[in-house]
Amino acid sequence: MNVDFTIRLSATPRGARLARHLAAEQLATWGWPYDTDANRTAALLVAELAANAAVHGHVRGRDFQLGLILRPADATLRIELTDARPDRRPPAPGTLDPAAPEQESGRGLLLVEALSTHWGTTGGDPYRKTVWCEVALGSA
């Protein structure tokens with residue numbers, strides 16, 4: 001049986017930071033303490049996806065949603081960030097270009113691709129899109 005956590009946050013840098021903190025707290029509650037690699041990796045993935053939702057998925061007056069779905073049977077965490085910009089989809093997995101060394105940004109999805117088992121984008125309606133990734137947490 002899956003265990004879920006969902007919260008809506010403001011599509012701002014502050015909302016993105018809060019998403020990271022809440023994800024780390026939730027993982028600790030589920031048995032992966034703050035000082036574990038699993039918690040740190042999940043928090044980093046949430047931070048990258050939440051930052052993208054706040055920057056690239058921002059629509060004035062609209063929030064983004066953080067969803068965490070834990071599959072205890074195989075200790076896998078699915079991270080979902082849903083924003084209000086379905087017209088701004090990231091490149092498909094496996095097609096990301098490396099950021100130039102002098103660029104200050106553009107590495108977030110590269111980290112997501114490197115640290116998650118797989119990731120992608122879904123859009124179920126014309127008003128939202130969800131960028132998701134899954135990560136193996138290992139034993140608690």
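Above this note sits the structure.
Source: prediction; values computed, not measured. (Residues numbered from 1 in each chain as written. Predicted model: local features only at pLDDT ≥ 70, side-chain atom pairs only at ≥ 80, totals over all residues. Heavy atoms only, no water.)

As a further point, take the sheet that holds strand β4 (residues 118–125). As a general point, the strands of a sheet are linked pairwise by backbone hydrogen bonds and lie either parallel or antiparallel. Ordered by their spatial adjacency, five strands build an open sheet running β1-β2-β3-β5-β4, and the pairing between neighbours is antiparallel. Each edge of the open sheet is held by one strand with a lone partner, namely β1 (3–10) and β4. The average undirected angle you get between the axes of adjacent strands in this sheet is 20 degrees. Where helix α1 (residues 13–29) meets the sheet, it contacts β1, β2 (63–71) and β3 (76–83), and its direction lies at approximately 160 degrees from that of β1. (Pairing = 2+ DSSP bridges. Helix = DSSP H or I, 4+ residues; strand = E, 2+ residues; numbered from the N terminus. Axes fitted to C-alpha atoms, helices over the stretch in contact; angles between N-to-C directions. Contact = heavy atoms within 4.5 Å.)

This brings us to the pattern of salt bridges. A complete count under the given rule lists nine salt bridges for this structure. As a salt-bridge pair, arginine 71 and aspartate 74 come within 3.6 Å of each other at their nearest N and O atoms. Relative accessible area serves as the criterion here: at 25%, arginine 71 is assigned to the partly exposed category. Judged by its relative accessible area of 44%, aspartate 74 falls in the partly exposed class. Salt bridges sharing partners connect three or more residues here, namely Arg71, Asp74, Arg78, Glu80 and Glu134. (Salt bridge = Lys/Arg side-chain N within 4 Å of Asp/Glu carboxyl O. Buried < 20%, exposed > 50% of the residue type's maximum accessible area, 1.4 Å probe, protein only.)

The subject of this paragraph is the side chain of glutamine 26. Assignment of secondary structure puts glutamine 26 in helix α1. Once residues lying within four places of it in the same chain are set aside, the contact partners of glutamine 26 are Phe5 and Leu68.

Attention shifts here to the environment of alanine 50. Here alanine 50 lies in helix α2 (residues 37–56). Take alanine 50: its relative accessible area is 0%, and that puts it in the buried class. Expressed as a C-alpha distance, the spacing of alanine 50 and threonine 122, which sit 72 residues apart in the sequence, is 16 Å. Apart from the residues lying within four places of it in its own chain, the contact partners of alanine 50 are Ala16, Ala19, Phe64 and Leu81.

On the surface, Leu44, Leu111 and Leu115 cluster together to form a nonpolar patch covering roughly 200 Å² of accessible area. By secondary structure assignment, the location of leucine 115 is in helix α3 (residues 108–115). (Patch = residues over 30% accessible without salt bridge, like charges linked within 9 Å, V, L, I, M, F, W, Y side chains within 5 Å. Areas by Shrake-Rupley, 256 points an atom, 1.4 Å probe, with all protein chains shown as cover.)

Burial in α3 covers these residues: Gly108, Leu109 and Val112. Along the axis of α3, the buried positions cluster into a sector of 95 degrees, meaning they face one direction only. Buried residues along α3 sit against α2, β4 and β5 (128–136). (Arc of directions from axis to C-beta.)

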